[in-house]
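Descriptive structure summary
Each chain is listed here by its residues.
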Protein chains: 2
Amino acid sequence: MDLSERQLQILQAIITDFVENAEPVGSRSIAKKYDLGVSPATIRNEMSDLEEMGYLTHPHTSAGRVPSDKAYRLYVNDLMKKKNLSAKDKRMINDRLSASRDEFDRTIRHAAELLSEITQLASFAMTPATNKEVISFIRLLPVDERTLILMIVSEGGHVTNTTLRLNVPYTQEALELLSKNMTVSYKGRTLDDVLKSEIIHDVGSDIEALNSLKGSVMPSFLRTLEDMLNVNLYMEGMTNIFKLPEYTSIDRARDFMELFARKDWFTQKMLAREDGVVVTIGDENDTMKDCSLITATYHVDGKLVGKIGVIGPTRMKYGEVTSIMEYLTNNLSEVFRLPGDTGDGNAGGKK
Amino acid sequence: MDLSERQLQILQAIITDFVENAEPVGSRSIAKKYDLGVSPATIRNEMSDLEEMGYLTHPHTSAGRVPSDKAYRLYVNDLMKKKNLSAKDKRMINDRLSASRDEFDRTIRHAAELLSEITQLASFAMTPATNKEVISFIRLLPVDERTLILMIVSEGGHVTNTTLRLNVPYTQEALELLSKNMTVSYKGRTLDDVLKSEIIHDVGSDIEALNSLKGSVMPSFLRTLEDMLNVNLYMEGMTNIFKLPEYTSIDRARDFMELFARKDWFTQKMLAREDGVVVTIGDENDTMKDCSLITATYHVDGKLVGKIGVIGPTRMKYGEVTSIMEYLTNNLSEVFRLPGDTGDGNAGGKK
DNA sequence: TGTTAGCACTCATTGATGCAGAGTGCTAAT
DNA sequence: ATTAGCACTCTGCATCAATGAGTGCTAACA
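Because the structure is predicted, anything quoted here is derived from the model rather than measured.

What follows is about the interface of chain B and chain A. The accessible area lost on association of the parts is a frequent measure of interface size. Contact with chain B, which involves 47 residues of that partner, is made by 47 residues of chain A. When chain B packs against chain A, the two sides together hide about 4,400 Å² of surface, and 56% of this comes from carbon and sulfur. Taken together, chain B and chain A are joined by two salt bridges. Across the pair Asp227 of chain B and Arg106 of chain A runs a salt bridge, and its minimum N-O distance is 3.6 Å. Remark: the boundary between chain B and chain A carries four residue pairs in polar contact (both at pLDDT 80 or more). Elements with a contribution of two residues or more to the side of chain B that touches chain A: helix H6 (104-119), strand E4 (135-142), strand E5 (147-154), strand E6 (159-165), helix H9 (208-229) and helix H10 (250-261) of chain B. If you tally residues by element for the side of chain B that touches chain A, the top one is E6 of chain B, at six residues. The residue makeup of the side of chain B that touches chain A, split by class, is 19 nonpolar, 13 polar and 15 charged.

Listed below in structure tokens is the structure:
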């Protein structure tokens, strides 16, 4: 039982209107504003049918209709048309992104800022990181006689470091030895691999000083590896949502904020989403039932995948936002493609 | 015109009561709850005097009294008595802090978490960083033929790194040369010194590849130096404030959140505060007029100074919170003192 | 048979009104 | 100097009626 052309038109009108004004929309105002050539009464009848089919709901008897999650889903799948970005927005994206093109994390953060600025919603961006990332090398650098820096670098150039302060002094030689020792052991392995395997304990040695140092460094090494999995998550424009009528209730607002205070949980959640532009609406998100979430992926050297996203109420300008995100991620992927690379994988990387 | 003993007692009672219940307190309830041996009428008279002197205010004629900023100031200076921490809190602080004692940033973050957990307020912690920090060495590490890591380490072991992606490939030799070259040039100088001076352009060389590489790296070097000034700021428990009655108004809550969205502004603000436990109340903070702010400093190797703080409404348990913060920062400073160090400065550091 | 006008009905919102309760300020008595 | 007593003020809450937006149904219409 498909929807008739007219029903689609009416549904679209209701969605458009509700997205704009955040208030239940009545038959009369639809008839007036959108030129459908039928009377309010007819629209009422159609609305009644649409409600029966689950596309609309009724806050109470004498209120107008509100689109349901199902309606938004239909809209996103079939009705929505991509909006062309304004020249201003395009320019802004181009300029702001390329301004910092040579510094990875900064670029990503700018992207999130841009996204929340343009959409006036809350946004986030995360750097690409997966448990499949491959360790390139490990360095231990001396600071003072008891302090040292542990640094792990992946093949993609992702760096994590920890400053360690030991109880006992170490020797320069032991440090260098361990540094090489560890690089040899772990180079080329994925994070996953290292974290799950027991090889940690394999790297025994006959040199006393080395073993002692190793004993101190290893626990932090593991934690630092885990840190590497904790991608950087930049959140921007969280306070934008306070401006929306759906969040004038303090409880709603608090729930929303608390969701994001749990950064790692949120990160996990987002990493699990599929690639490309993905829209989930209301109930489709098990938590955040009254939010919609749009995520998109960008590529680094045409391969490693990072995520960027927008969160807002289900009442959201899907067409606009997805267009912006598409443009933005394309631009990002472009920025992160090495010159001369055609996108065929990890070009330019170590063999 | 000092306050009489009785006036102080009454004022203290009002503050205690208001801090507890967040509601204007009347003469009758003071007389009942706090055993002052006088009738409500007497208390009323005294309250009237206290109001005239600016210690109390009146939301409206028939409401009870509310302590003013001036009253809180008096309380903090003279009336407040340090509270002994519960054994539970002490144990929690000891355990949680020392669990991660060897990893600096993690410890700091834990400290902020602890603080907001115990006080049920919003808290922050920042790692020590000053423009007086001294550069220890600079490393350039290869990732792939166009990607490299720029790493700056200060004498305190503070690390900042940036991953750079160049337009043209670099050579291994040039990289190593530049690395040494830069270390020689900047080692021992303070951040301030380097950022303000023009020496950046001095490091000319006759090797072509080196100069070209340097041209690409230098702008990022400066930005990375600036990043070093941007201390890490950890904010915790921001959502706690939603539970407070003074922030049930969405506008208040939004103002509060927006303050912290401006991280760098906030950081600057906090760095400017004096050392030790500092309490500023209401109007004493030029922004955040209805908040109180308590900051305290901790030491690293008895020298470098980091900050930790709590933000909440002026109605706050000053005695408790300051005690907690004192205990916590002492503990932190202890954790960050090298074994054997007696606190006489940068012990164990490079000569 | 699909469309529309008309009308009764529903329900949230708004503003006025009145009342209860908490608290003050003043006065007069102790 | 303290206190009891009382008039007065102001908020908060509940009640009530009016308003208006919007539906659902029925009957007329093309």
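Here the narrative resumes, following the displayed structure.
Residues and elements named next belong to chain B. Strand order across the open sheet formed by three strands is E4-E5-E6, with antiparallel pairing between neighbours. Pairing within the sheet leaves two strands with one partner each, and these edge strands are E4 and E6. When strand polarity is set aside, the average angle formed by the axes of neighbouring strands in this sheet is 15 degrees. Inspection of the sheet shows E5 paired to E6 by seven bridges, in the antiparallel sense. If you follow Ile152 over to E6, its bridge partner there is Thr160. Strand contacts of helix H7 (residues 172-186): E4 and E5, with the helix running at about 170 degrees to E4, the strand carrying the most contacts.

Summary statistics for chain A give a mean pLDDT of 88 and a share of 93% for residues scoring 70 or more. The model gives residues 341-351 of chain A a pLDDT under 50, and that stretch makes 20 contacts with residues more than four places away or in other chains.

Calculation notes
Residues numbered from 1 in each chain as written. Chains lettered and ligands numbered in written order. Predicted model: local features only at pLDDT ≥ 70, side-chain atom pairs only at ≥ 80, totals over all residues. Heavy atoms only, no water. Contact = heavy atoms within 4.5 Å. Buried area = accessible area lost by both parts, 1.4 Å probe. Salt bridge = Lys/Arg side-chain N within 4 Å of Asp/Glu carboxyl O. Polar contact = N/O pair within 3.5 Å; in protein donor to acceptor, adjacent residues only side chain to side chain. Helix = DSSP H or I, 4+ residues; strand = E, 2+ residues; numbered from the N terminus. Nonpolar A, V, L, I, M, F, W, Y, C, P; charged D, E, K, R; others polar. Pairing = 2+ DSSP bridges. Axes fitted to C-alpha atoms, helices over the stretch in contact; angles between N-to-C directions. pLDDT = per-residue confidence, 0-100.

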